[in-house]
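Structure at a glance
One-letter residues, chain by chain:
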Amino acid sequence: HGLHRTSAAPPVGQTQTPTVPAPPASVPDTVSTLCVAGDLVMHIPIINSCRTDDGYDFTGLFDEARPYYESADYAAACIETTFNGPPYSGFPQFCAPDQLAGDLKSVGLDLLSTASNHSLDTWFSGLTRTLDVLDGAGLDHVGTYRTQEERDTVKVIDVGGIRLAVLAYTYGTNGLPKDEHPYCVNVFTTDYMTNCGEIDYELLKSDLARARQTDADAIAVFMHWGQEYATSPSAQQRELADFLFENGATLVLGGHVHVPQPMELRELPDGRTGFLCYCLGNLISNQFDPYTNLTAAVTLTLTKSGETGQVTVSGAEYAPMFMLHASDSNEGRYRLLDIRKSMQDFEQGDTSVVNRSVYDRMKQGRSDLHRIFGTDEVLSLAA
């Protein structure tokens, strides 16, 4: 008793067959989609037009965009307003009704970058209340923070089974200081109160290093940058984009200039494919300058290799969008139009929303987007 045999001899007349280890099961790739929209610039005429008997309803603005947000695994935009309660205001210091946050969630958006030159429009108290309202609406947010601890914790989101670390920055805060709460807005310049020209590379580098240390599969960076109304990126934007990719970013998603700027699939230093859009333009606005009414819903296909765990951008396409002002609409309301759908509706005789003049402008807008974005709605890696 107490003895045990480690191996039994095979019964007489049988030979022991060696056990062959099963080949390791190959892990399948994970494929998901991320939809990226532009900047929400909530001018007062738009807010007033969404008034209802018992409050506000902003969902109608997005009727033609929401299918793109809802069909993606995850959808994100940048917001250039605060939620600080009434009175509401537009330019130069934005404040919108809380209802907007819930409506953005209900049309399919999941995350808002809150880092913009308008982050402090209603001061630090407005900044913190904005985040409380977004939390209440169930929206993720990145770029502004209530505490140092919140700022130092990298936001990691789940995009259909692929984990993305998300960072967001702005060039400045329209001359509103954040001295008492240095952590409250991610600003990528050290001279943000004056020229906004000195890039804080140390900050970006340490944040990206922290993002690489999370359990995220890839890193996305929202950048509020560039020269307003310029359809070409500035030298600073180009330099920053290169730096972000060199330091581990897979996606660089730009905003701020109110007009579209080029987008591209980018070969990354390790051979993977990343994505860059210098600016997607205004998502919602009441601006009348050239190109300020043009944007797109960009759907990125992300593939995580089952073997290596690396994430690459395996597909990218965009749906051209046109911001229809109430004054131009046959129904007298603001709407973000899906250019392809709205042109088709008009061609088939539906003039309930779009008239001939708007149709012609949408047709021109679509070709402007092809020219500015540098691509014909489906992106391929430049040879």
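Described below are features of the structure shown in this document. Just so we're clear, the structure is a prediction, and the values are computed from it rather than from any experiment.

The helix and strand inventory of the protein chain stands at nine helices and 16 strands. Based on the C-alpha atoms only, the size of the protein chain along its principal axes is roughly 95 × 60 × 50 Å. Taking all 383 residues of the protein chain together, 54% fall into the buried category. Put simply, of all contacts in the protein chain between residues at least 6 apart along the chain, 69% involve residues at least 24 apart. For the protein chain, the computed accessible surface area is about 16900 Å², with 49% contributed by carbon and sulfur atoms. Placing the 26 positive and 50 negative side-chain charges of the protein chain at their respective mean positions leaves the two points 3 Å apart.

Once that is clear, we can look at the sheet that holds strand β8 (residues 162-170). Read from one edge to the other, the open sheet built from six strands follows the order β7-β8-β9-β10-β12-β11, with strand pairing classed as mixed. Where the open sheet ends on each side, the last strands, each with one partner, are β7 (155-159) and β11 (263-267). Going across the sheet, the axis of each strand differs from the next one's by a mean of 25°, ignoring polarity. Across five bridges, the pairing between β7 and β8 is antiparallel. When the bridges of β8 are listed, Ile157 appears paired with Leu164.

Looking at the secondary structure, you find Ile219 in strand β9 (residues 218-224). Setting aside its immediate chain neighbours within four residues, Ile219 contacts Leu164, Ala165, Leu167, Leu208, Ala211, Arg212, Gly248, Ala249, Thr250 and Leu251.

What follows deals with the pattern of salt bridges. Should their charged atoms come close, side chains of opposite charge can pair. Throughout the structure, instances matching the rule amount to 25 salt bridges. Notably, a salt bridge pairs Arg151 with Asp207, separated by 2.5 Å at the nearest N-O pair. Of this pair, Arg151 sits in helix α5 (residues 148-152) while Asp207 sits in helix α6 (residues 201-212), and the two are 56 residues apart along the sequence. Both residues of the pair, Arg151 and Asp207, belong to the buried class. Overlapping salt bridges bring together Asp63, Glu331, Arg333 and Arg335 as one network.

Looking at where Thr375 falls in the secondary structure, it is placed in the segment after α9 (356-373). Within the local environment of Thr375, its side chain forms a polar contact with the backbone oxygen of Val378, the two atoms lying 3.4 Å apart. In this view, Thr375 contacts Met263, Tyr318 and His370; residues no more than four positions away in its chain are not counted.

Turning to the pairing of β9, a few remarks are in order. By the criterion of burial, β9 is predominantly enclosed, with seven of the seven residues buried. Of the two faces of β9, the one holding Ala218, Ala220, Phe222 and His224 and the one holding Ile219, Val221 and Met223 are both buried throughout. The pairing of β8 with β9 spans seven bridges and is parallel. Among the inter-strand pairings, Ala165 is bridged to a residue of β9, identified as Ile219. With α6 bridging β8 and its parallel neighbour β9, the resulting β-α-β unit is right-handed.

Look at the link from Pro86 to Pro87: it is a cis peptide, with omega at 0°. Among the structural elements, Pro87 can be located in the loop between β4 (74-79) and α3 (99-106). Omega for the peptide link from Phe91 to Pro92 comes to 5°, which places this bond in the cis form. You can see Pro92 is positioned in the loop between β4 and α3. Of note in this structure, Trp123 is not a glycine but carries a positive phi near 65°. Within the element layout of this structure, Trp123 appears in helix α4 (residues 123-137). For His258, which is not a glycine, the phi torsion comes out positive at approximately 75°. You can call His258 buried: its relative accessible area is 6%.

Parameters at a glance
Residues numbered from 1 in each chain as written. Predicted model: local features only at pLDDT ≥ 70, side-chain atom pairs only at ≥ 80, totals over all residues. Heavy atoms only, no water. Helix = DSSP H or I, 4+ residues; strand = E, 2+ residues; numbered from the N terminus. Buried < 20%, exposed > 50% of the residue type's maximum accessible area, 1.4 Å probe, protein only. Contact = heavy atoms within 4.5 Å. Areas by Shrake-Rupley, 256 points an atom, 1.4 Å probe, with all protein chains shown as cover. Lys, Arg positive; Asp, Glu negative; His and termini not counted. Charge placed at Lys NZ, Arg CZ, Asp CG, Glu CD. Pairing = 2+ DSSP bridges. Axes fitted to C-alpha atoms, helices over the stretch in contact; angles between N-to-C directions. Salt bridge = Lys/Arg side-chain N within 4 Å of Asp/Glu carboxyl O. Polar contact = N/O pair within 3.5 Å; in protein donor to acceptor, adjacent residues only side chain to side chain. Right-handed = clockwise from strand over helix to strand, strands pointing away.

Such coordinate-based values are descriptive only and should not be taken to indicate function.
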